[in-house]
Amino acid sequence: MKYLYKLVLLIMIAIISGTLMYMVTPVSWSEGKYTAEIVFKIDNNTYRALVPFYIGKSSEEIHYTEVIDGNKLSVAVNISSLKTLAPGTILYVRAKFLDNNKTILPGIANIKCDIVLPDGRTYEYYASSVDSDTGIYTFKIQPYVKAREAGFVFGSAIVLFAGASVLHYVVTGLYSTIALVILGVIGSKDPFQYYMSNIVLIFIAGSGLELIIKENGLDERVARLLLRLSRSPYTLIISSTFLVSFLSMWTSNTAATYVMLPLILVILNKVGLTDMKYSSILLVSLAVAASVGGTATLIGTPPNIIAAGFLNDLIYGGMEYIDFTRWLYIGFPAWAIGYGIAVILAILYAKLVAGHEFDRIRDALGKVKTSEARKWSKRELLAMANILFLIGLWMTGRIHGLSTGLASVIGLLAFFATRALDVQRHWKRLAWDLMVLFGAGLTLGKALMATGWANYILSQLSGIRELGYIALFIIAFTAYIVGTFISSHTSASAFVAPLTIPLGMLLATSLGLPVETGAAVATIAAVVSLNNAVALPISSPPSAIVYATGRVRMRDLVLYGFLYGLIANTLIVTLLIPYWIHMLTP
């Protein structure tokens, strides 16, 4: 009965949240006479050109030229025909500015297009691109069609995702897709098309990679290596955090923590360190390293996959622009900075809080005997060959031309064909539940973009354009707060990405960047910050796992976790934004 009460309460809050989102979202556009008002600034003077046009059956392509400021300035406007209003339909407005019949470029931040509806409502849009050769500015305008219905689903899904401890995210994911179909936001012909996208297949293959490491004893080799490396308080922190972080790049951070935690506890028990402050700090640093390790690769943590999926499908037109290799270029530097900060902070914190215990720890570790290295078995060699084969396929996609999704399927086929994994025992243990989360998140994100709901968010936050790069810090730390206090990283990323994409597009206009680059940089900054949220047991699985041992002091988790999050996010965003802009500009 207690679960039933929680479920009913959660559903009621979700309905209220969805209803509020429905009420504040603009109603759908209708057929009729509209006006496009082109507003632009030149030499601190503001000029306007009004262009009437129709949406509906009588719609025709408009070619319009208006002379402004005597015979000096003129603007040529082209508006595409839009005969039907449906989710996904686009209205294109193109403008060209001339001074004495010579093309001029006022600057993308100095131009906007206001669309005035038949009932007098006005919506503001900024140019999505400019062709420097022709001088044509393009406004890609998404009409509001079923935006209120999409807003209801999004508003309710946010609450349900946040309440994943009561209602599993698989149920929430399926609900969101079915609700979109019932409300007419997406068609019923193929509503689950994103459930087996390339991004989803990558993570399923990644879960197979995790199984092959555990089932073939490769994790034990890592554990024995740790024993040989750990001979002082410093080397124990460095070796254990590095190994768990490296494992987290190729398996989930949860699995990496479960692999390393028993060994750390065995070491602590052997040397009699379980009741010391140092042991608490060591376990906290283990959780932080496991979380940050997932940032390095595309398969390292679900938020990476979700972000890449949203960007590829919604921003890069379905092109697999952010693939395994490109994410490695994006995420590995963030991991290097984050891991470096985690280790330095752990050592300094341990020295400050538990420095008086170091001599005893050093003596105890020196007495631990390690087993001799054994030869690799045929099974281990086979497992390693399969791992290298899959990673090789992912990293050489630009050479062999296969999509990462197809490469993932080939890798999985090799796993089972070579019997490195057993079909009967392991097939059902692949990450099929996350397939629903990813697919549902991509479907919902597509609906929010196609209905114009994302434009509504832009209109409400248009002032963020004035903040420039500072806005990226606000986006990053907002995601960090959400991941720390409100929701798990996986659930949070499903509703963070649909918000950061339009925000990034808006920022791009003020920063002079392509809209694709702005959306990608804002989203990745948010996801990386989300991965760094570890300060509470509810923040991430590794934090919950180490805290559940009973050997972690809450003050260490909170203080060390928050210090790490603040320092790491600040440095990563500051140092990597220019690099990410370079890497993410098509």
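Residues numbered from 1 in each chain as written. Predicted model: local features only at pLDDT ≥ 70, side-chain atom pairs only at ≥ 80, totals over all residues. Heavy atoms only, no water.

1. A word on the pattern of salt bridges
All chains considered together, the criterion is met by seven salt bridges. A salt bridge links R48 to E37, with the nearest nitrogen and oxygen atoms 2.9 Å apart. Of this pair, R48 sits in strand β2 (residues 45-55) while E37 sits in strand β1 (residues 32-42), placing them eleven residues apart in sequence. On the basis of relative accessible area, R48 is assigned to the partly exposed category, the value being 48%. A salt bridge links R425 to E215, with the shortest nitrogen-to-oxygen separation between them at 3.6 Å. You can see R425 sitting in helix α15 (residues 423-426) and its partner E215 sitting in helix α4 (residues 198-215), a full 210 residues away along the chain. (Salt bridge = Lys/Arg side-chain N within 4 Å of Asp/Glu carboxyl O. Helix = DSSP H or I, 4+ residues; strand = E, 2+ residues; numbered from the N terminus. Buried < 20%, exposed > 50% of the residue type's maximum accessible area, 1.4 Å probe, protein only.)

2. Some remarks on the packing of helix α2 (residues 147-162) against helix α16 (residues 432-450)
Put simply, α2 and α16 touch, their axes get as near as 10 Å, and they point 145 degrees apart. The handedness of the crossing between α2 and α16 is left-handed. Residues A150, V153, F154, A157 and F161 of α2 form the contact with α16, whose own contacting residues are L437, L444, A447 and L448. The residue makeup of the contact of α2 with α16, split by class, is nine nonpolar, no polar and no charged. (Axes fitted to C-alpha atoms, helices over the stretch in contact; angles between N-to-C directions. Left-handed = near helix turned anticlockwise from the far one by under 90°. Contact = heavy atoms within 4.5 Å. Nonpolar A, V, L, I, M, F, W, Y, C, P; charged D, E, K, R; others polar.)

3. Examining the nonpolar core
Within the largest apolar cluster, 181 residues are counted, with the highest numbers of intra-cluster contacts made by W29, I115, W580 and L584. Ranked by residue count, the leading element in this core is helix α10 (residues 324-354), at 17 residues. When near neighbours in sequence (up to four residues on either side) are disregarded, L584 contacts Y316, Y321, I322, I330, T517, A520, V521 and I524. Grouped together as the second largest cluster of nonpolar side chains are six residues, L7, V159, L160 and L167 included. (Core = buried A, V, L, I, M, F, W, Y, C linked by side-chain atoms within 4.5 Å.)

4. A short note on the sheet that holds β1
With antiparallel pairing, four strands are arranged side by side in an open sheet as β2-β1-β7-β8. For this open sheet the edge positions go to β2 and β8 (122-126), each flanked by a neighbour on one side alone. Across this sheet, the average inter-strand angle for adjacent strands is 20 degrees, counted without regard to direction. Here strand β7 (residues 111-116) pairs with β8 via five bridges, running antiparallel. Within the sheet, the bridge partner assigned to V116 lies in β8 and is T122. (Pairing = 2+ DSSP bridges.)

5. Topic: the layout of surface pockets
Rolled over the atoms, a probe with the dimensions of a water molecule shows which regions are left empty. Of the pockets and cavities examined, the largest pocket occupies roughly 810 Å³. Of all the secondary structure elements, the ones that give two or more residues to the lining of the largest pocket are β8, β10 (136-141), α9 (302-315), α16, α17 (453-460), α19 (489-511) and α20 (515-531). Of the residues belonging to the lining of the largest pocket, the class tally is 16 nonpolar, ten polar and five charged. (1 Å grid on protein atoms, 1.4 Å probe; cavity = no way out; pocket = protein on both sides within 12 Å on 5 of 7 lines; lining within 4 Å. Points joined across faces, edges and corners; volume = space filled by probe spheres on them.)

6. Here we look at the packing of aromatic side chains
Under the defined criterion, the tally for this structure stands at 19 aromatic pairs. With a centroid separation of 5.8 Å and 25 degrees between ring planes, the pair formed by Y34 and F53 is classed as stacked. Taken together, the residues span a long stretch of sequence, with Y34 in strand β1 and F53 in strand β2 at a distance of 19 residues. In this pair, the class of Y34 matches that of F53, namely buried. Where F242 meets F246, the ring centres are 6.5 Å apart and the plane angle is 20 degrees; that geometry is what we call stacked. Of this pair, F242 and F246 both sit in helix α6 (residues 233-250), four residues apart, which is roughly one turn of that helix. Linked through ring pairs, W29, Y34, F53, Y123 and Y144 together constitute an aromatic cluster. Positioned above the aromatic ring of Y22 is the side chain of R148, whose terminal nitrogen or guanidinium carbon lies 4.6 Å from the ring centre. Sitting over the face of the ring of Y321, R326 holds its NZ or CZ atom 4.0 Å from the ring centroid. (Phe/Tyr/Trp six-rings, centres within 6.5 Å; stacked < 30°, edge-to-face > 60°. Lys NZ or Arg CZ within 6 Å of the ring centre and 35° of its normal.)

None of the figures reported here should be taken as evidence of function without further support.
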